[in-house]
Amino acid sequence: MSEQKAFSLDIKDNGVAVITIDVPGESMNTLKDTFADEVGRLMNRLEGDSDIKGVVFISGKPGSFIAGADINMINDCETAADAESLARKGQAMFDRIEQLEVPVVAAINGACLGGGLELAMACHVRVCSDNPKTQLGLPEVQLGLLPGSGGTQRLPQLVGVQQGITMMLTGKQLRAKQALKAGLVDEVVPQSILLDAAMKHALSAKPKKKKAPLKGISKVLEATAYGRNIIYKKAAEQAQKKAQGNYPAIDKIIDTVRIGVEKGREAGLDKEARSFGELAMTPQSYQLRQIFFATTEMKKETGADGVKPADIHRVGVLGGGLMGGGIAYVTAAKAGLPARIKDISHEGITHALHYSYERLNKKVKRKHMRRAELEKTMLSLSGTLDYSGFERVDVVIEAVFEDLELKQKMVADIEQHAKPETIFATNTSSLPITQIAAKAQRPQNVIGLHYFSPVDKMPLAEIITHEGTSPETIATTVALAKKQGKTPIVVKDGAGFFVNRILAPYMNEAARLVLAGEPIEHVDKALVKFGFPVGPITLLDEVGIDVGAKVAAILRKELGERFEPPAAFDKLIDDERKGKKNQKGFYQYGKGVKGKPVDSSVYSLLGIEPKQNLDREAVAELCVLPMLNEAAYCLQEGIIRSARDGDIGSVFGIGFPPFRGGPFRYMDEIGIGALVTKLKTLAEQRGDRYQPAPLLVEMAEQQRRFY
Ligand SMILES: C[C@H](O)CC(=O)SCCNC(=O)CCNC(=O)[C@H](O)C(C)(C)COP(=O)(O)OP(=O)(O)OC[C@H]1O[C@@H](n2cnc3c(N)ncnc32)[C@H](O)[C@@H]1OP(=O)(O)O
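Residues numbered from 1 in each chain as written. Predicted model: local features only at pLDDT ≥ 70, side-chain atom pairs only at ≥ 80, totals over all residues. Heavy atoms only, no water.

A. Highlighting the overall build of the chain. Counting its regular elements, the chain contains 30 helices and 18 strands. Expected size for 707 residues packed as a compact globule is a radius of gyration near 27 Å; at 28 Å, the chain falls within 12% of this value. By principal-axis analysis of the C-alpha atoms, the chain measures approximately 80 × 60 × 60 Å. Relative to its 707 residues, the chain shows a buried fraction of 55%. Just so you have it, the chain exposes about 31,500 Å², and 52% of that area is on carbon and sulfur atoms. Taking the average location of the 93 positive side-chain charges in the chain and that of its 87 negative ones, the two points are 6 Å from each other. (Helix = DSSP H or I, 4+ residues; strand = E, 2+ residues; numbered from the N terminus. Rg over C-alpha atoms; globule rule 2.2 N^0.38 Å. Buried < 20%, exposed > 50% of the residue type's maximum accessible area, 1.4 Å probe, protein only. Areas by Shrake-Rupley, 256 points an atom, 1.4 Å probe, with all protein chains shown as cover. Lys, Arg positive; Asp, Glu negative; His and termini not counted. Charge placed at Lys NZ, Arg CZ, Asp CG, Glu CD.)

B. Just the packing of helix 13 (residues 283–300) against helix 27 (residues 643–654), in detail. Look at helix 13 against helix 27: their axes get within 11 Å of each other, and the N-to-C directions meet at 105°. Our classification of the angle between helix 13 and helix 27 gives roughly perpendicular. Counting all contacts with helix 13, which are made through I291, A294, T295, E297 and M298, the residues of helix 27 involved are R644, D645, I648, V651 and F652. (Axes fitted to C-alpha atoms, helices over the stretch in contact; angles between N-to-C directions. Parallel < 35°, antiparallel > 145°, perpendicular 65-115°, else oblique. Contact = heavy atoms within 4.5 Å.)

C. Representation of the UniProt feature "site: Important for catalytic activity" (unreviewed entry) in the chain within the structure. Here, the residues flagged by UniProt with the feature "site: Important for catalytic activity" (unreviewed entry) are E118 and E140. For the annotated residues, spread through 23 residues, the largest C-alpha to C-alpha distance comes to 11.4 Å, consistent with a single compact locus. Inspection of the secondary structure assignment puts E118 in helix 4 (residues 115–122). In this structure E118 touches F94, L138, E140, P147, G148, S149, G150 and G151, once residues within four positions along its chain are discounted. A polar contact is formed between the side chain of E118 and the backbone nitrogen of S149, at a distance of 2.8 Å. Here E140 is to be found in the loop between strand 8 (135–137) and helix 5 (151–159). With residues near it in sequence (within four places) discarded, E140 still touches G114, G115, E118, L145, L146 and P147. (UniProt positions renumbered as here; feature names shortened; annotations may be inferred. Polar contact = N/O pair within 3.5 Å; in protein donor to acceptor, adjacent residues only side chain to side chain.)

D. Layout of the site of the ligand. Taken together, 24 residues lie around the ligand, and A69, E118, E140, K299 and K300 are the ones closest in. In this structure, an oxygen atom belonging to the ligand sits 3.1 Å away from a main-chain N or O atom of G148. Within the side chain of K299, a nitrogen or oxygen atom sits 2.6 Å from an oxygen atom of the ligand. Its free accessible area being 980 Å², the ligand has 73% of it covered by the protein chains. Of all the elements in the fold, those that place two or more residues in the shell around the ligand are helix 2 (71–75), helix 4 and helix 13. No other element matches helix 13, which puts four residues into the shell around the ligand. (Near = heavy atom within 4 Å.)

E. Spatial organisation of empty space enclosed by the protein. In total, this model carries four cavities of 30 Å³ or more according to the counting rule given. The volume enclosed by the largest cavity comes to roughly 80 Å³. The wall of the largest cavity is formed by A511, V514, L515, I537, L540, P566, A568, F569, L572, F586 and L606. Going through the elements one at a time, helix 20 (499–515), helix 22 (536–543) and helix 24 (569–574) are the ones with two or more residues in the lining of the largest cavity. A total of three residues in the lining of the largest cavity trace back to one element, the largest contributor, which is helix 20. (1 Å grid on protein atoms, 1.4 Å probe; cavity = no way out; pocket = protein on both sides within 12 Å on 5 of 7 lines; lining within 4 Å. Points joined across faces, edges and corners; volume = space filled by probe spheres on them.)

F. A look at the UniProt feature "domain: 3-hydroxyacyl-CoA dehydrogenase C-terminal" (unreviewed entry) in the chain. Per the UniProt record, "domain: 3-hydroxyacyl-CoA dehydrogenase C-terminal" (unreviewed entry) is found at residues 496–589 and 623–704. For residues 496–589, helix accounts for 61% and strand for 0%, while the C-alpha atoms at its two ends are 29 Å apart. Across residues 623–704, helical content stands at 70% and strand content at 0%; the span's end C-alpha atoms are separated by 24 Å.

G. Expanded view of the environment of Y589. Structurally, Y589 can be placed in the loop between helix 24 and helix 25 (601–606). Along the backbone, Y589 and D599 are ten residues apart, and their C-alpha atoms lie at a distance of 8.7 Å. Leave out the neighbours within four places in its chain, and Y589 touches D541, G579, K580, Q583 and K584. In terms of polar contacts, Y589 uses its side chain to reach the side chain of D541, at 2.7 Å.

H. Representation of the sheet that holds strand 17 (residues 460–465) within the structure. Pairing is mixed across the open sheet formed by eight strands, whose spatial order is 13-12-11-14-15-16-17-18. This sheet does not close on itself; its edge strands, each paired only once, are strand 13 (381–384) and strand 18 (487–492). Direction aside, the axes of adjacent strands within the sheet are offset by 25° on average. Packing against the sheet, helix 15 (residues 346–365) makes contact with strand 12 (339–342) and strand 13, and its axis sits at approximately 170° to strand 13. (Pairing = 2+ DSSP bridges.)

I. Just the pattern of salt bridges, in detail. Throughout the structure, instances matching the rule amount to 44 salt bridges. A salt bridge links K234 to E237, with the nearest nitrogen and oxygen atoms 3.8 Å apart. With a gap of three residues between them, K234 and E237 both fall in helix 10 (residues 225–243), about one helical turn apart. Classification of E237 as partly exposed rests on a relative accessible area of 43%. Between K678 and E621 there is a salt bridge whose closest N-O contact spans 3.2 Å. Of this pair, K678 sits in helix 29 (residues 672–686) while E621 sits in helix 26 (residues 616–636), and the two are 57 residues apart along the sequence. (Salt bridge = Lys/Arg side-chain N within 4 Å of Asp/Glu carboxyl O.)

J. Spatial organisation of the domain arrangement of the chain. The domain architecture assigned to the chain consists of domain 1 (7–281), domain 2 (315–492) and domain 3 (495–616). In this structure, domain 2 and domain 3 have C-alpha centres spaced 30 Å apart. At the junction of the two partners, domain 2 supplies twelve residues and domain 3 supplies five residues. When the area that domain 2 buries against domain 3 is broken down by residue, the three leading residues are S429, S430 and E462, summing to 44%. Here domain 2 is connected to domain 3 by zero salt bridges. (Domains from an automatic or database assignment. Buried area = accessible area lost by both parts, 1.4 Å probe.)

K. Highlighting the side chain of E272. Inspection of the secondary structure puts E272 in helix 12 (residues 265–280). An unpaired buried charge is present at E272: no salt bridge exists, and R154, the closest side chain of opposite charge, is 7.1 Å distant. At 2.5 Å, the side chain of E272 forms a polar contact with the backbone nitrogen of G150. The residues touching E272, leaving out its near neighbours within four places in the chain, are Q91, L146, P147, G148, S149, G150, G151, T152, Q153 and T256.

L. Structural context of a positive patch on the surface. Together, K172, R175, K334, K362, K363, R366 and K457 make up a positively charged patch on the protein surface. The exposure class of K334 is partly exposed, given its relative accessible area of 39%. (Patch = residues over 30% accessible without salt bridge, like charges linked within 9 Å, V, L, I, M, F, W, Y side chains within 5 Å.)

Right, dumping it as C-alpha cells:
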C-alpha cells in the first residue's frame with residue numbers, strides 16, 4: 001500500500017500546478033518536519049518541468065488552511081538544538097518555495113496561522129476568501145515562542161516593521177479585509193472562486209517584491225535606522241509594561257526582527273532559528289503549550305460522558321441588567337440563537353437590547369460586521385414583561401438579583417411557563433445551586449451557569465451541578481456555553497464554587513498585608529509582577545468593596561475560619577467606599593485624576609502608617625500560597641473534577657499567570673514537599689489559615705505530583 005501523502009500535486013491543463021495540503025488523519029492541517037522530504041521532492045519535480053507556468057498551494061480541509069507547525073512536535077523536542085533544527089528545516093522548505101521561478105500563490109480559506117502563514121508568506125502572492133473563518137496571524141507568542149520558519153523576517157517586509165512586531169507580540173489575527181489593508185494578502189474573493197482567482201495570479205507575471213503599504217508617521221519612522229530604533233524601543237517598553245519581564249519571547253521577537261531588518265535576511269533567519277530553539281526549552285513555553293493541549297482536550301468533552309446534549313433552539317434570559325444583557329448578547333451574537341429577555345421593567349429590557357446593539361454597532365463601525373448582520377442579530381433578541389414566548393425556550397438563564405427566595409420563585413415560574421424539559425440555569429455567583437433547586441418540581445433541570453463580568457470578554461464559564469442535576473442537563477448546558485464562546489469547567493456545588501473560592505483567601509491575605517502597613521501599590525505591583533493582570537487591591541476596587549465584603553462573609557460562614565476576612569471591611573463600607581463604581585476606594589478616580597494614585601485617606605481611615613517591610617517576592621508568596629492551598633482543598637473535596645480543570649479555570653477566570661500553567665502545575669513546579677514545608681512554617685508564623693490541605697500533606701508523603 002502506498003503511503004498517504006500530505007501534499008498532493010495536480011497539474012492542470014493550463015499549466016498550473018495545484019498542490020493540495022491535506023494531512024491524513026487530522027481534522028486540521030499542521031506542519032511536521034517529516035514533510036520536508038516530501039516538499040523537497042515536489043520542488044525537484046516542479047523545478048524540472050518547464051511546462052509549469054505557476055503553482056497554487058491550497059488546503060484540502062474544508063474550513064481551514066494550515067493551523068501552524070504541529071505543537072506536539074515542538075513539545076517532543078528534548079533540547080534547544082532539536083527545536084532549532086525544526087525551525088531551520090521549515091526555513092529551508094519555505095525558502096525553496098520562494099525561490100521557484102514561476103509565480104507561487106497561496107489560496108487561503110480559514111485559519112492560516114503560525115507555520116501556515118509562514119508558508120503563505122513564502123509564496124509570491126496570497127489570495128484569501130472572505131469567509132469569516134479566514135484569519136491570518138502568527139500566534140507563536142501565545143505558546144511562549146517566536147515564529148520559527150521565516151515569519152519574523154517576512155511579516156515585517158509585507159506589513160511594515162511596526163505592524164509586524166505588534167502582530168507577533170500580541171498574536172493578533174487579521175480577518176480577510178484587515179489582511180488586505182495591511183498588505184498581508186493581495187486579493188480577497190468569495191470562497192467559491194478562490195482556486196480560480198489563485199490560478200489567475202499563478203498564470204500572471206511573477207510580481208515584484210512589494211513594499212509594505214505604509215502611510216504617515218509609520219512611513220517616516222520606518223524609512224531610517226534612527227526611526228526604526230524608536231519603533232523597537234517603544235514596542236519593547238509597551239510590551240514589557242504588560243508582561244513584566246515574564247515572557248522571554250518578547251525581547252527575542254523584537255531582536256530577531258531588528259537583526260533581519262538591519263543586517264539582512266540571513267542574519268535574521270539565523271537568529272530566528274536559535275531563538276526558537278532557546279524559547280522552546282523555557283518553562284514558560286512548556287506551560288503555555290500545556291494550556292493549549294488542555295483547552296483542545298476540553299473542546300471535545302461534553303461534561304457528562306457518553307451523554308448527547310439536547311438540541312437548543314431558543315434561550316430565555318431572566319433579567320436585563322449587566323449580566324443578563326451580556327448573556328443575551330453572547331447567546332445571539334456568538335451562539336447564533338434567539339434570546340428572549342424577561343425583565344420586570346421596560347427599562348431592563350431596553351438596557352439589555354441596547355447592550356447588544358452597542359457592541360454590534362462597534363463591530364459595524366470597525367467594519368468587522370455588515371449592518372445587515374447587525375440587524376439580523378438584533379431581530380433574534382426580544383423582550384417580555386411576562387413569560388410570553390417562554391413556552392418555546394429550551395434553556396433559561398437566570399441573572400436576577402442575588403436573593404434565594406426570588407430565585408426559587410423564578411424556578412417555579414419557569415416550571416409553570418416553560419416546557420417540562422426546559423433547563424433552568426442560574427448565573428448566581430454566591431448562592432448554593434442545591435438551595436435554588438430545593439423547591440423545584442424538576443430539580444434534574446436545575447444547574448448553575450456562572451459567567452464572569454464582562455460576559456462577552458471573559459472566556460470562562462463555571463457550570464455547577466447539584467446532587468440531582470441530570471447528565472443531560474449538564475451536557476446541554478456545557479454545549480450552550482461552548483456555543484457562546486466560553487470554555488466551561490464543570491464544578492460541584494459549594495460556597496464560591498471554584499473560582500471565587502480560591503480567590504477569597506488570596507484577596508484576604510492582600511488586604512491583611514495592607515492592614516499591616518504594606519503600601520497598597522506595593523502589594524498590587526508584587527502580584528502584577530508575579531503575572532496577574534491586575535493586583536488584588538485594584539481588583540477589589542473593580543469588583544466593588546461592598547460585593548467583596550458580602551462574598552467574604554458568605555464564604556466565612558460556609559467554609560469556616562480559614563476564610564475569616566480581615567477586620568477592615570466595616571470601616572470601608574461605613575465610609576461609603578465601594579470602589580470604582582462610586583469612585584471611592586483604595587485608589588483615586590474621577591475626572592482630572594492622572595495615572596492611578598492611591599487614595600491616601602484610606603490609610604488614615606484604617607489607622608495605618610504605610611511602610612514597606614516585605615519585598616515583592618514575599619508579598620506575592622503570602623498571597624498566592626493560600627490560593628494554591630485552597631485549590632488543593634477544592635480538588636480534595638471534588639469541587640473540581642481534575643487539576644487540569646482547576647488550572648484552566650484559574651487562568652481563564654482570574655488571570656492566574658498562564659506561563660505558570662495554573663495553580664496545580666505551579667504547585668508541581670514548586671514541589672509538593674517544599675510547598676507543604678512552606679505552608680507549615682507560615683502557619684506557625686501567621687496563623688492556622690496557612691495549614692496545608694490534607695491532600696497536599698498526603699501527596700508530599702507519597703511524593704506524588706498533580707501531573
Ligand atoms: C515554526 C512555527 O512558527 C511554529 C508554529 O507554527 S506554532 C503553532 C502556531 N499555531 C497555533 O498556535 C494555532 C493553534 N491552534 C488554534 O489556535 C486552534 O486550533 C484553531 C484556531 C486553529 C482552530 O480552533 P478550533 O476550530 O476550535 O479547532 P481545535 O479543536 O482547536 O483544533 C482542531 C484540531 O486541530 C489540532 N490543532 C490545531 N492547531 C494545531 C497545532 N498547531 N498543532 C497541533 N495540533 C493542532 C487540535 O489539536 C485539534 O485536534 P483534534 O481534532 O485531534 O482534537
